[in-house]
Structures are given as C-alpha cells and as structure tokens.
Amino acid sequence: MGAASSSDTEDKTVSFDIVAGSHSHILFEENYLIMFLGTIVYAIVNSVILALMAIGFNLTFGISGVANFAYGALYIFSAYASWMLLNLLGLPYFLSAVISILLTALLGALMYRFVLLRVRGQALSEVIATFGIGLAILELFRYLGFVGFEYNLPVFIDQSFLIAGTYIDMQRILIVIIGTVLVVALWVFTHHTSLGLAFRGIAQDERTALSLGIDSDRIATVAVSFGAGLAAIAATIIIPLGSIAPGEGYEVLIKALAVCIIGGLGSTGGVIVASFIIGFAERFTDTYISSHWTMIVSLAAILIVLIVKPSGLFGKQKELEERI
Amino acid sequence: MGKEGFRSLINQSTIQRHMKKRKERIDRGIKARSSDIFALSSWREMLYLAAPRLIPLIGFLVLPLILSTYWQKVLLSVAVFALLAISWDILAQTGMISLGQALFFGMGAYASGTLNHYLGWHPLIAIPIASVLGGLVCTAFLLPVLRLRGIYFSMVTLIIPLMLVRIVEATKIFGGTEGLSSIASLPSKWIELYLIMGALTAALFGFRRMLGSDYGLVLKGISDNDRSVMNAGINIYWFKIQALFISSCIGAFSGAFMTHVYMFVGMPVFALDYSILPIAAAVVGGPGTLAGATLGAFILVPLSEILRGIGGLRIVFYGLFLVVFIVALPEGIFHYVQSKYHQFERWVEVE
C-alpha cells in the first residue's frame, strides 16, 4: 500500500514532504504518521463542510416536507450577492455577508409564498418547481458571465497553524467552529424556543399542530426561508476556500442530497453522522488510494445504504411513510 | 361513455367559482356519437376520430421529405427529445419523477458506442442491443430506490448521472474525457431519419395504448395509491421494475441512436440538457398522455433552435417554463387542446 500511495497521490504527498522536511531526520514511519494525522484533520474539516451544506436542505425537508432542489442555487446566489455588495457597492465584508444571508432567506420565503404554496402537498410538482427555479438562477449567473477566479470571497482571517504536523489555515478552523456552534444553536432553537417547537410540531403531525393554532403555511414559509438562510451561511464561510462558480451549485446540491440519503431525510443526527462517514471516506480514499475514486466511494455508499437500509441510517421517524 | 361525461361534469363544477356566470363545457355531439356509438354513419365522424391520429402520423412521414438539411437535423433531435420525454412520462405515470433522463440516454450511448468501437458491430445491430443493455443497467442501478416513495427517486436519478460523469473522467474508462470517436454512422441519412421517426411513432402510439390498457391502469394506480394496489394482490415492485425497464430502454435507444448520428460518444451524454429538456417538454405539453410529451418536444426543441443566439439563456427559460406550467397550467397544452377539440364551452347563468 505504501508504494502505491506514494506514486498515486500527487500534491498531497508533496506538501507532506515539505512539512516533514522541516524536521531534520525523516523516518519513514514518522512521515506516515504525519500523513495519517493530516488526513484526519482534513477529513474533519471536510465532514463539517458537508454537514453545513446539507443541514439547510435537511431542515427544510424535515419541517415542511418541501424538497428544495433550488438549494444549490440559493447557496450560489448568496455568494454572488455577497460578492456584488462587496465589490460593486464597496460595503464592508461583514455587512455584505449579513445582507446577502438575509436576502437569500427572503428569496426562500418568496419562493414558498408565490410558487410552492400553490403546489403544496404534491411532492412531485414541488420537486419540478424548485428544480426549475434553481436551474433558472444558476444558468442566469452562468449566462451573465459570472465565471472566473476573480469571483471569490476573502477569507475571514489570513493565518495558518500547524496542527499535528499539518498546516491548516484559519478559515478551515473557523468552519469547524462555526459549524459546531450552528448545529448546537439549531438544537437549542428547535428544542427550547416556541418557534422551534412549532417547527417540530408541524414536522410531527401537521393536523394536530393546526388544531393547536400553529399556522402551517407560515411555519413552512419560515422553514424554507430558514433553509435558504442556512445555505447562505454555509456559502459565506465555505466559498472563501475556492471561487464562486455556477457549477458549484449543482455540486452542493449533489452533496446535500447524498448526505441526506445516507443519513435519512429529516434527521439532523443522521446528517451529522452521514457527513462524517462521507467526509472521512472521501479524504482517506483521496490520500491512500487515488483522488479519482472519491466520487465512486460516495456513489457506492449511497447505493449500499439504499439497499441495506432504504430510509437512511437514521430515517426512523418517517420510515413508515416513505417505505412501501 | 361514463368517463368523458363525468369529466365534463367535473369541469363544470370547478368553474363555479365565478358567482354570477359559470363556464359550461359540454361534449360535442359528434364526440358523443363517434366515441360511444360504434355504428359510424358518416365520413365526417370517421374523420373526427381519425384526424388527431392521422395528423401526427402524416407529419412524421412527410416532414423528413420537405425540410432542408439543417432542419432535418433539428427534426432528429426533436424526435430524440420526444422519445426521452415519453420515457419520462411513463415513469411519471408510475409515480417516479426522474430528474436524470441523461442516465438512460448516456447508458444507451455508451453501450452502443462500446459495441461499435471495441467490437465493431454494425450500428443497426448495436442500437437495439444497446437499448436493452442500457435499460438493464439503468434498472439495476435504480433498483434499490424503488422501495421508497416520494422524492427519493428524484434525488437518486439527479445524482447518478452527475457522478458517473466524474467517474468516467477520473477512471478514464471508455475513453475518459476524450470519449470514443470514429464510431460508424448509420448507412444513409434517410435510414437515420425514418428509423427515429418510426421509433417515435411506435413509442407514441404503442405506449399510449399500453397506458390505456389494464396494465397501464395498474401503473397509474401505483402512483395514485400504492398501498391499495398492493391490497389488490399485485406485486408493485415487479410492476415498477417493468415500468422502469421500459422507460430506460426508450431512453437508451435514443442515446444509442444519437451516438451513431454524432459518430462520437463522450461525457456530454450525461449532461443536464438531456435531463431538463425532456421534463420541460413533458410538463409543457401535458404529462400523462405521451402525446403531450411529444407535442412539448415539437414546440421546445425548434424554439430553442431558433433562439440559439441567446445561448445559455435557453436553459433559464426552460427552468422558468417548468415553474410557470407546473403552477399555472399543470395539465399542459395537450389537455387544453384536447378539451377544445372534444367539447364546447358557454357561459351560463348561475341560478
């Protein structure tokens, strides 16, 4: 395995050699250990990124039953909105990020009010409508020529650290921190605030919730808008690692769907576990087998989970409704 | 008798929201006579029944002859997209909304390309075998999802073709990014044209008949209420598998055919275009009739050819079309035209 990995992994091994080179005596095992620890560190970051991408989609579906296929488009929309506010209007970065998150949440709410409300309950029409909206947004950006490396967002703090023999930049650390905080905040929100409890009430039994005076349409609007806002937050902290491109929207949607299928739709715990499974599997195949195989690993994971446990690892709550 | 009369009654009751007057739709006399009483008495009545079937049939026969070379090529892609839309529609009727017709198309294309490129099979042998082969592979891929209802099928069909592109790119199988070129073309332009037109005619009329038969009723029943179909002692997985196989074979056929037209197969066969346009065609034309899907393809593909100048904006329009039609006219154009043909309307006072 050692010989194969050193010939197959291109840039990763090189960077690790540089790290190892700073020590004077390089033992082969030590190099190996550093590579292993580095992979773990990056796998954690990767998992948190996946969880951030999927959590908004999952929240919207879990509460309102709307599968928001415009999710990737909303992600990209917020990134471009933020870029435009920053570069065309010259607003400070923090302000433009906040405004773009609010704008995206508003767009989500409008989408629900004016389109989804009319096809509510017909899952298949909802899928086609949201997919159409997402397609229109993404392809409009592509048509307008928003492609290239100049379309990127700055990192929050430009600094990097050495953790377990691996250099890691501040942005990635922030992603892990913000991701953790966000998940905890969401948990507190859904368990200890009245709006959050209403969310869960609608998710559990819409009719009973209605009889208790919870307006399901209003809650569903808020849920879609919340999901959109979470997509925007994810975009704001993840996009600085690369550049903004319309194709990224499809990528995010695929990743969110893959995580949700494996974890079980509507289950937050499932999303987190599934992101860690995919995140670790991807990084480890990347380092030890070949970067070509990362996609195959996710696809195989999806197919295996669907065969073994069709509702996903944690899809218990809705299992009876979804399985036939 | 019952079905049509009942439908017009429903139409009447849904219009009643206008308080003062309401629109009444009544079957034309000729419709009642010609569809219920089978002693046809005049040429007019026979023509009334035959015209909706003859017009597309004659159109498919004559169009290749009168069009210029450029528009003949457009006609080819119209027919291919119509087939994909029909294949989408059959799935949709069974309650499976696919967002990845490109999977079927691409599988067929790669199967035929491989058979021809590596084994040197003649296109006319490779195409049918690739259709069945592609259908089998796609069915096998999607088999695990069939046990779930709702949006899972859409999610998985959306993901798989996009992932397969990545896999072909990475593992360099089947020519990798460069694809397989120098694939044999069909013997002549006319065989090309009439092969696809013949396939379209057969698919349109054959599967329309299939959906109208008892078999089709079972498929529609699965999408309406799968549990009650199960209660009737019918194995719905088996029927879903069959519908999936039929649909993916149609998709694979169009892919295999296109491979030999372009004389090339590569990663673009999994492109989003092949997923979106068929859905747009079926939704715009009117899902559930297959004729609507065909009509939609005959409207959208030439339209996008005329609008070639606006490039990527076309897909934006497809997206918007989808939203507008799903919300405002979910029945589609075909149902609208059909009701105009069979029924007349008048405003009547509400007592």
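Just so it is clear, the structure is predicted and the values come from calculations on it, not from any experiment.

Novice: I'd like a description of the overall build of chain A, backed by residues and values.
Specialist: The helix and strand tally for chain A stands at 14 helices and 2 strands. With 324 residues in all, chain A has 48% of them scored as buried. Of the contacts formed within chain A by residues at least 6 apart in sequence, a portion of 73% connects residues at least 24 apart.

Novice: Outline the overall build of chain B, supporting the account with residue identities and numerical values.
Specialist: Counting secondary structure elements, chain B contains 15 helices and 2 strands. Over its C-alpha atoms chain B spans a radius of gyration of 22 Å, differing by no more than 12% from the 20 Å that the globule rule assigns to 351 residues. Once the C-alpha set of chain B is aligned to its principal axes, its extents read approximately 75 × 50 × 40 Å. Here chain B, with 351 residues, has 44% of them falling under the buried criterion. Within chain B, counting contacts between residues at least 6 apart in sequence, those at least 24 apart form 77% of the total.

Novice: Go over the interface of chain A and chain B, please, and point to the residues and values.
Specialist: Each side of the interface is counted separately: chain A has 36 residues, and chain B has 37 residues. Listing elements by their share of the side of chain A that touches chain B, those giving two or more residues are helix H6 (123-143), helix H11 (246-263) and helix H13 (294-308) of chain A. When residues in the side of chain A that touches chain B are grouped by element, the largest group, 15 residues, is from H6 of chain A. Class assignment for the residues of the side of chain A that touches chain B results in 28 nonpolar, 3 polar and 5 charged.

Novice: Now, about helix H9 (residues 214-224) of chain B: what can you tell me, with residues and values included?
Specialist: All names here are of chain B. Where H9 is concerned, the buried positions are Leu219, Ile222 and Ser223. All buried residues of H9 lie within an arc of 100° about the axis, which places them on one face of the element. Facing away from the buried surface of H9 by more than 90 degrees, the exposed residues are Asp214 and Asp224.

Novice: Tell me what's going on with the environment of Phe253 of chain B, and back it up with residues and numbers.
Specialist: Residue and element names in this part refer to chain B. Note on placement: Phe253 falls in helix H11 (residues 236-262). Of the residues examined, Phe253 has 29 C-beta atoms within 10 Å and is grouped as buried. Distance in space between the C-alpha atoms of Phe253 and Phe141 is 17 Å, their sequence separation being 112 residues. Contact partners of Phe253, with chain neighbours within four places excluded, come to Leu83, Gly108, Ile127, Ser131 and Ala199.

Novice: I'd like to hear about the pairing of strand E2 (residues 343-349) of chain B, residue by residue, with values.
Specialist: Residues and elements named next belong to chain B. Counting buried residues in E2 gives 0 out of 7 residues, a small share hidden from the surface. Direction of pairing for strand E1 (residues 21-27) relative to E2: antiparallel, over a ladder of 7 bridges. Counterpart to Lys21 in the pairing with E2 is Glu349.

Novice: Describe helix H7 (residues 170-192) of chain A, listing the residues and the values that go with them.
Specialist: Taking 1.5 Å as the rise per residue, H7 of chain A with 23 residues should run 33 Å; its terminal C-alpha atoms sit 32 Å apart, in good agreement. Those residues of H7 of chain A that fall on the buried side of the exposure criterion are Arg172, Ile175 and Gly179 of chain A.

Novice: Would you mind going over the confidence of the model for chain A in detail, with residue names and values included?
Specialist: Of the residues in chain A, 88% reach a pLDDT of 70 or more, and the chain-wide mean stands at 80. For chain A, the element scoring lowest by mean pLDDT is helix H1 (residues 2-8) of chain A, at 38; helix H5 (residues 93-114) of chain A scores highest, at 91.

Parameters at a glance
Residues numbered from 1 in each chain as written. Chains lettered and ligands numbered in written order. Predicted model: local features only at pLDDT ≥ 70, side-chain atom pairs only at ≥ 80, totals over all residues. Helix = DSSP H or I, 4+ residues; strand = E, 2+ residues; numbered from the N terminus. Buried ≥ 20, exposed ≤ 12 C-beta atoms within 10 Å, placed from the backbone. Contact = placed C-beta atoms within 7 Å. Rg over C-alpha atoms; globule rule 2.2 N^0.38 Å. Nonpolar A, V, L, I, M, F, W, Y, C, P; charged D, E, K, R; others polar. Arc of directions from axis to C-beta. Pairing = 2+ DSSP bridges. Expected span 1.5 Å × (residues − 1). pLDDT = per-residue confidence, 0-100.

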